[in-house]
Amino acid sequence: MGNRTLAILKPDCVEKNLIGQVITKITEAGFKIVAMKMTRLTEASAGGFYEVHKERPFYTDLVKYMTSGPCVPIALEKENAVEDFRKLIGATNPKEAEEGTIRRMYADSIEANVVHGSDSDENAAKEISHFFSRKELLENYG
Ligand code: CMP
């Protein structure tokens, strides 16, 4: 059971001015912020991040969407982080997300679904290092 996961507050979250509300939900659920930044992804960075979906029909649109505006990657820490965070955000498709989940509350579509969460401990480690250097993580680790 790992204790870290990567969240990304996606461009729709930033555009709709929901950064504060979503971070409040995350911290109220017991997650600690280990590192955080606001950035606009390049095509290469978004393409690399979503490399696992390269063969999927939605890949090109996904990369286009994730580079359409700034986003906020956040490294989070909590016991059982990956699974608990996925419960907190709800299903990828907000129409299928449970009542009270972040996507159910704030998301408009499967693409503009407010927030990303890692799907395994192995991917969490890879995804955190996609955005944060070891030094950044150590400096922010309290
Ligand atoms: P995320 O958790 O960031 O991982 C991959 C993303 O692809 C997913 O959230 C969705 O926002 C996006 N996506 C777009 N279309 C689809 C689809 N048909 N099925 C799954 N994911 C999709």
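Check the entry above for the structure.
**Student:** Help me understand unusual backbone geometry in this model?
**Tutor:** Note: most peptide bonds trans; most residues except glycine with negative phi. Its identity is not glycine, yet asparagine 80 carries a phi of approximately 55 degrees, on the positive side. Within the secondary structure, asparagine 80 sits in the loop between strand E3 (72-77) and helix H5 (81-89). A positive phi angle, near 70 degrees, is found at valine 114, a position not held by glycine. Judged by its relative accessible area of 0%, valine 114 falls in the buried class.

**Student:** In this structure, what is going on with the site of the ligand? I would like to understand it.
**Tutor:** As a matter of local geometry, the ligand sits amid Lys10, Tyr50, His53, Phe58, Leu62, Thr92, Arg103, Ile110, Glu111, Asn113 and His116. At 3.4 Å, a side-chain N or O of arginine 103 approaches an oxygen atom of the ligand. Taking histidine 116, its side chain carries an N or O atom lying 2.9 Å from an oxygen atom of the ligand. In isolation the ligand exposes 460 Å². Once the protein is present, 79% of that is buried.

**Student:** Can you walk me through the environment of lysine 95 in this structure?
**Tutor:** With respect to the helices and strands, the residue lysine 95 is situated in the loop between H5 and helix H6 (102-106). Assessed through its relative accessible area of 73%, lysine 95 is described here as exposed. In sequence terms lysine 95 and valine 82 are 13 residues apart; their C-alpha atoms lie 22 Å from each other.

**Student:** Honestly, H5 in this entry has me stumped. Any pointers?
**Tutor:** Every α-helix winds through 3.6 residues per turn, so residues three or four apart in the chain are directed the same way. Every buried residue belonging to H5 is among Ala81, Val82, Asp84, Phe85, Leu88 and Ile89, and all of these are buried. Elements in contact with the buried residues of H5: strand E1 (4-9), helix H2 (19-28), E3, H6, strand E4 (115-117) and helix H7 (121-131). Of the residues trailing H5, glycine 90 is marked for its positive phi of about 90 degrees.

**Student:** Got a minute to help me understand the environment of isoleucine 19 in this structure?
**Tutor:** Within the secondary structure, isoleucine 19 sits in helix H2. Judged by its relative accessible area of 24%, isoleucine 19 falls in the partly exposed class. For the pair formed by isoleucine 19 and glutamate 51, sequence separation is 32 residues and the distance between their alpha carbons is 26 Å. In contact with isoleucine 19, other than residues within four places in its own chain, are Leu9, Cys13, Val14 and Val72.

**Student:** Sorry, what's going on with the nonpolar core here?
**Tutor:** As a rule of thumb, soluble globular proteins bury nonpolar side chains together. In terms of nonpolar packing, the biggest core is built from 21 residues, with Leu9, Val22, Ile26, Phe85, Ile102, Val114 and Val115 touching the most fellow members. Looking at this core, the elements that each hand over two or more residues are E1, helix H1 (11-15), H2, E3, H5 and H6. Looking at which element gives the most residues to this core, the answer is H5, with 4 residues. When near neighbours in sequence (up to four residues on either side) are disregarded, isoleucine 102 contacts Val22, Lys25, Ile26, Leu88, Ile89, Ala107, Val114 and Val115. Leu41, Phe49, Leu62 and Val63 belong to the second-largest nonpolar core, a separate cluster that totals 20 residues.

Rules used in this analysis
Residues numbered from 1 in each chain as written. Predicted model: local features only at pLDDT ≥ 70, side-chain atom pairs only at ≥ 80, totals over all residues. Heavy atoms only, no water. Helix = DSSP H or I, 4+ residues; strand = E, 2+ residues; numbered from the N terminus. Buried < 20%, exposed > 50% of the residue type's maximum accessible area, 1.4 Å probe, protein only. Near = heavy atom within 4 Å. Polar contact = N/O pair within 3.5 Å; in protein donor to acceptor, adjacent residues only side chain to side chain. Areas by Shrake-Rupley, 256 points an atom, 1.4 Å probe, with all protein chains shown as cover. Contact = heavy atoms within 4.5 Å. Core = buried A, V, L, I, M, F, W, Y, C linked by side-chain atoms within 4.5 Å.

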